[in-house]
Amino acid sequence: MTPATDTSGTAGTPILSLEGIGKTYGAVRALSGVSFDVRAGETLAICGDNGAGKSTLIRIVSGAQTPSEGTIRLAGAPVTFASPADALSQGVATIYQDLALAPTMTIAQNVFLGSELTTRVMGVPLLAKRRMRREAAEHLSRLRLAVPDMNRHVSDLSGGQRQAVAIARALRWQARIVIMDEPTAALGVRETRLVLNLIKEIASQGITVILISHNMADVIEVAERAVILKGGRKVRDTALAGWTADDLSHVIMGHEAA
Amino acid sequence: MTESTAAAHSDAPPAPGVRLKTAVARYGTAVGGILVFAVFALAADNFLTVGNQFTILRQVSFLVVFSLGFTFALTAAELDLSFAAVASLAGVVCGGLVHHDYPWPLGALAALAIGGAFGLANGLFVTRAKIPSLIATLATASIATGCAFAITEGVAWVGRWDRSFLWLGRGEMGGVPVLVVWMALAALIAVFVMRQTRFGVWLTATGQADEAARLAGIPIRAMKVWGLTLSGLCAGLGAVLLTASLSSAGPTSASDFLMKGIAAVLLGMTMFEPGRANVPGTVVGALVIGVLANGLVLVGAAYYVQDIVLGLIILLSVALSASVLTKAAFTV
Ligand SMILES: Nc1ncnc2c1ncn2[C@@H]1O[C@H](COP(=O)(O)OP(=O)(O)O)[C@@H](O)[C@H]1O
Ligand SMILES: [Mg+2]
């Protein structure tokens, strides 16, 4: 019933490769032997039922956790991420659902959080506030989204606009890979639309997107390929051209496990 | 910004009602403070005299220095309940050294070192031993008080001390008490650090959203240690000024400033940046507390009225600013 177009061999060096990634939490095995490649510029979905290991995998790729076994390669070179900030500085940005923004701080402060621009005045590094506001506005305009005032608090923004601020933060780091874990889970229809447009926008600018989502329609709309996890293992790695949301749910529910 | 897409709905400027509410939230307390000032000006004959205004400013200057320290700690979402006891201890050591004819800079340095050391210890207890700051600083306050009594054997150092030392607390510069100059300098430096430096943003982010700050690579434990250490340093600095001004130092010389300092900072959290400890708010808060304390005496209110008023101010301020942070910081 589903188009069976499993993609193994791919041309060129993948921007990101996972090789035999495993993770155990004490006696719990959350992931075992997960391997796949991500090509530069593609939008890849990671799908699977609750407890399949999606978040664990993303925590490993984003630098929030270290794998128990396996290797991560960035553009062919093995890497280890000491922290999310370390991964970010190597071009891998993760958009977390809510924890990564400071709601009571301004948009500009959030875009530059932890890496504020400074200018030296008589040898003293002072915040380059105007430059940060200008650059934050530039990053947001790349997302074709109007956020009027860089001095507004993030708590004043809608859920979709907050995702945009988080993405602008990734752009500020010239991220090559943007990872989003359930970006639309907490959003209404209108805001979901906005976030899907944001994903397409950054994908069209050549940024690689890794999307975790429960919503099959969202996945089908924005992703070109899906890696399907089940019980911590990869059970399918397939291009999505010609797939419907129903096809995808059937595979995930295990009616047609690989 | 350029053309808008889906988010255009949020472009509209806030309605006049919203703007009024924001203005009231930001400046309401400051206006209230001016009203309090006006009431005392009318009710007490000698309130408005230049002499009395300088008296208020002198009192407020210690309060501002101590409160700035509490502001730094609270900005990182930690409480420092030890600053007054640490200041008394620092004052006793400073006063003791001056009293025994050591050079006064040694005494001043010793006070700063004691303040800084207690602040650092508080920071390490909180971040390493994971003791909530409410408990950790209550404990170090007790230790500091005990040490102060041990050093003086319960009495106070009183003396006719080196004049250049006393000048720090009693001198004038162009007709202005030096204490006011120190206070203004301390407040300006604090505003500068909080507004213009990366340190200030990191300290704020640590207190406002520690998880986001951590994910952004901000060393949140170090920032909390810094916040508490700065509080200790301010306690040491305030102790030097207080000792020089009083020309004496006793084991409870600064204890009055605990409630006043907390009240000043919490009152300040209802102003300028509501819900957040902020330097201008702290300065105005301290001024309001100073005016209240002075005015209540001048209108002949009984000594206990001030304590009740301070308690009410603390309750009202926290209820008003109703910020997640305030309540979080007070959660054990
Ligand atoms: N911190 C943890 N400690 C112990 N077990 C965990 C932890 N995180 C995840 N797990 C377990 O690992 C498995 C995969 O979880 P997760 O990656 O959250 O799945 P998903 O995001 O696909 O729902 C589950 O069995 C879960 O209970
Ligand atoms: Mg999950």
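Coordinates for the structure precede this section.
Summary of the structure given here. (Residues numbered from 1 in each chain as written. Chains lettered and ligands numbered in written order. Predicted model: local features only at pLDDT ≥ 70, side-chain atom pairs only at ≥ 80, totals over all residues. Heavy atoms only, no water.)

### Topic: the overall build of chain A
Phase 1: For chain A, the count of helices and strands is eight helices and twelve strands.
Phase 2: Rg of the C-alpha trace for chain A: 19 Å, near the compact-globule value of 18 Å for 258 residues, within the 12% margin.
Phase 3: Along the longest, intermediate and shortest principal axes, the C-alpha atoms of chain A span 65 × 40 × 35 Å.
Phase 4: Expressed as a percentage of contacts within chain A between residues at least 6 apart in sequence, the contacts between residues at least 24 apart total 66%.
Phase 5: Accessible surface for chain A amounts to roughly 10,700 Å². Of this, 52% is attributable to carbon and sulfur atoms.
Phase 6: Of the charged side chains in chain A, 27 are positive and 24 negative, and the gap between their average positions amounts to 7 Å. (Helix = DSSP H or I, 4+ residues; strand = E, 2+ residues; numbered from the N terminus. Rg over C-alpha atoms; globule rule 2.2 N^0.38 Å. Contact = heavy atoms within 4.5 Å. Areas by Shrake-Rupley, 256 points an atom, 1.4 Å probe, with all protein chains shown as cover. Lys, Arg positive; Asp, Glu negative; His and termini not counted. Charge placed at Lys NZ, Arg CZ, Asp CG, Glu CD.)

### Examining the nonpolar core
Within soluble globular proteins, side chains that are nonpolar tend to cluster in buried spots.
Phase 1: Core analysis: the biggest nonpolar cluster contains 139 residues, and Leu 143 of chain A together with Phe 165 of chain B have the highest contact counts within it.
Phase 2: Among the elements that make up this core, the one with the highest residue count is helix H3 (residues 83–99) of chain B (twelve residues).
Phase 3: Once you skip the residues sitting within four places of it in the chain, Leu 143 of chain A turns out to touch Ala 164, Ile 167, Ala 168, Leu 171, Leu 198, Glu 201 and Ile 202 of chain A.
Phase 4: If you look at the next biggest cluster of nonpolar residues, it comprises 27 residues, including Leu 44, Val 61, Ile 177 and Ile 210 of chain A. (Core = buried A, V, L, I, M, F, W, Y, C linked by side-chain atoms within 4.5 Å. Buried < 20%, exposed > 50% of the residue type's maximum accessible area, 1.4 Å probe, protein only.)

### Considering helix H7 (residues 178–196) of chain B
Phase 1: Taking 1.5 Å of rise per residue, 19 residues should cover 27 Å, and H7 of chain B covers 26 Å from first to last C-alpha, within 8% of that figure.
Phase 2: Those residues of H7 of chain B that sit buried are Val 178, Leu 179, Val 180, Met 183, Ala 186, Ala 187, Ala 190, Val 193 and Met 194 of chain B. (Expected span 1.5 Å × (residues − 1).)

### Topic: the interface of chain B and chain A
Phase 1: Taken residue by residue, the interface counts 29 residues in chain B and 35 residues in chain A.
Phase 2: Both faces combined, the contact of chain B with chain A buries some 2,600 Å², and carbon together with sulfur accounts for 60% of it.
Phase 3: Taken together, chain B and chain A are joined by one salt bridge.
Phase 4: Note that Glu 116 of chain A is salt-bridged to Arg 198 of chain B, the shortest N-O span being 3.7 Å.
Phase 5: Inspection of the region where chain B meets chain A yields six residue pairs in polar contact (both at pLDDT 80 or more). (Buried area = accessible area lost by both parts, 1.4 Å probe. Salt bridge = Lys/Arg side-chain N within 4 Å of Asp/Glu carboxyl O. Polar contact = N/O pair within 3.5 Å; in protein donor to acceptor, adjacent residues only side chain to side chain.)

### Some details on the site of ligand 1
Residue and element names in this part refer to chain A.
Phase 1: Contacts to ligand 1 come from Tyr 25, Ala 30, Asp 49, Asn 50, Gly 51, Ala 52, Gly 53, Lys 54, Ser 55, Thr 56 and Arg 59.
Phase 2: Here Lys 54 contributes a backbone N or O atom positioned 2.9 Å from an oxygen atom of ligand 1.
Phase 3: One of the side-chain nitrogen or oxygen atoms of Ser 55 is found 2.8 Å away from an oxygen atom of ligand 1.
Phase 4: Coverage of ligand 1 by the protein amounts to 61% of the 550 Å² it exposes when considered alone.
Phase 5: Looking at which element gives the most residues to the shell around ligand 1, the answer is helix H1 (residues 54–61), with four residues.
Phase 6: For the shell around ligand 1, the per-class residue count stands at three nonpolar, five polar and three charged. (Near = heavy atom within 4 Å. Nonpolar A, V, L, I, M, F, W, Y, C, P; charged D, E, K, R; others polar.)

### Points about the environment of Trp 167 of chain B
Residues and elements named next belong to chain B.
Phase 1: Topologically, Trp 167 is positioned in helix H6 (residues 163–170).
Phase 2: Looking at Trp 167, the relative accessible area reads 35%, which means it is partly exposed.
Phase 3: With near-sequence residues (within four places) excluded, Trp 167 lies in contact with Glu 172, Met 173, Val 178 and Trp 182.

### Examining the pattern of salt bridges
Side-chain pairs of opposite charge can arise where the charged atoms are in close proximity.
Residues and elements named next belong to chain A.
Phase 1: Taken as a whole and assessed by the stated rule, the structure comprises 17 salt bridges over all chains.
Phase 2: For the salt bridge of Glu 135 with Arg 131, the shortest nitrogen-to-oxygen distance reads 3.2 Å. Here the residue Glu 135 and the residue Arg 131 both occupy positions in helix H4 (residues 129–142), the gap between them amounting to four residues, near one helical turn.
Phase 3: Residue class for Arg 131 comes out partly exposed when judged on its relative accessible area of 34%.
Phase 4: Each of Arg 39, Glu 42, Arg 225, Lys 234 and Asp 237 takes part in a single network of salt bridges with overlapping partners.

### Overview of the sheet that holds strand S4 (residues 69–74) of chain A
Residue and element names in this part refer to chain A.
Phase 1: Within the open sheet, the four strands sit side by side as S2-S1-S4-S5. Their pairing is antiparallel. The strands lining the two open edges of the sheet, one partner per strand, are strand S2 (28–38) and strand S5 (77–79). For this sheet, the mean inter-axis angle between neighbouring strands, taken without regard to orientation, is 30°.
Phase 2: Here strand S1 (residues 16–25) runs beside S4; their pairing, made up of five bridges, is antiparallel. Opposite Glu 19, over in S4, you have Thr 71 as the bridge partner.
Phase 3: Sitting on the sheet, H1 is in contact with S1, S2 and S4, with an inclination near 120° to S1. (Pairing = 2+ DSSP bridges. Axes fitted to C-alpha atoms, helices over the stretch in contact; angles between N-to-C directions.)

### Describing the pairing of S2 of chain A
Residue and element names in this part refer to chain A.
Phase 1: Relative to S2, S1 is paired through seven bridges, and the arrangement is antiparallel. Looking at the pairing, Ile 21 lines up with Val 34 of S2.
Phase 2: Counted along the chain from S1 to the antiparallel partner S2, the turn is two residues long, and its residue Gly 26 has a positive phi close to 60°.

### Describing unusual backbone geometry
Phase 1: Its identity is not glycine, yet Met 122 of chain A carries a phi of approximately 50°, on the positive side.
Phase 2: Following the sequence through the fold, Met 122 of chain A ends up in the loop between strand S7 (118–121) and strand S8 (124–127).

### Considering the packing of H7 of chain B against helix H12 (residues 279–298) of chain B
All names here are of chain B.
Phase 1: Here H7 crosses H12 at 155°, and the two axes come no closer than 9 Å. By the angle class used here, H7 and H12 are roughly antiparallel. Contact residues: Ala 187, Ala 190, Val 191, Met 194 and Arg 195 in H7; Val 279, Pro 280 and Val 283 in H12.
Phase 2: Its residues assigned to classes, the contact of H7 with H12 shows seven nonpolar, no polar and one charged. (Parallel < 35°, antiparallel > 145°, perpendicular 65-115°, else oblique.)

### A look at the sheet that holds strand S11 (residues 225–230) of chain A
Residues and elements named next belong to chain A.
Phase 1: Taken in spatial order, the six strands line up as S6-S9-S10-S3-S11-S12 in an open sheet, and their pairing is mixed. Either end of the sheet is taken by a strand with one partner, and the two such strands are strand S6 (92–95) and strand S12 (233–239). Recorded for the sheet is a direction-independent mean angle of 20° between the axes of neighbouring strands.
Phase 2: Here strand S3 (residues 43–47) runs beside S11; their pairing, made up of four bridges, is parallel.

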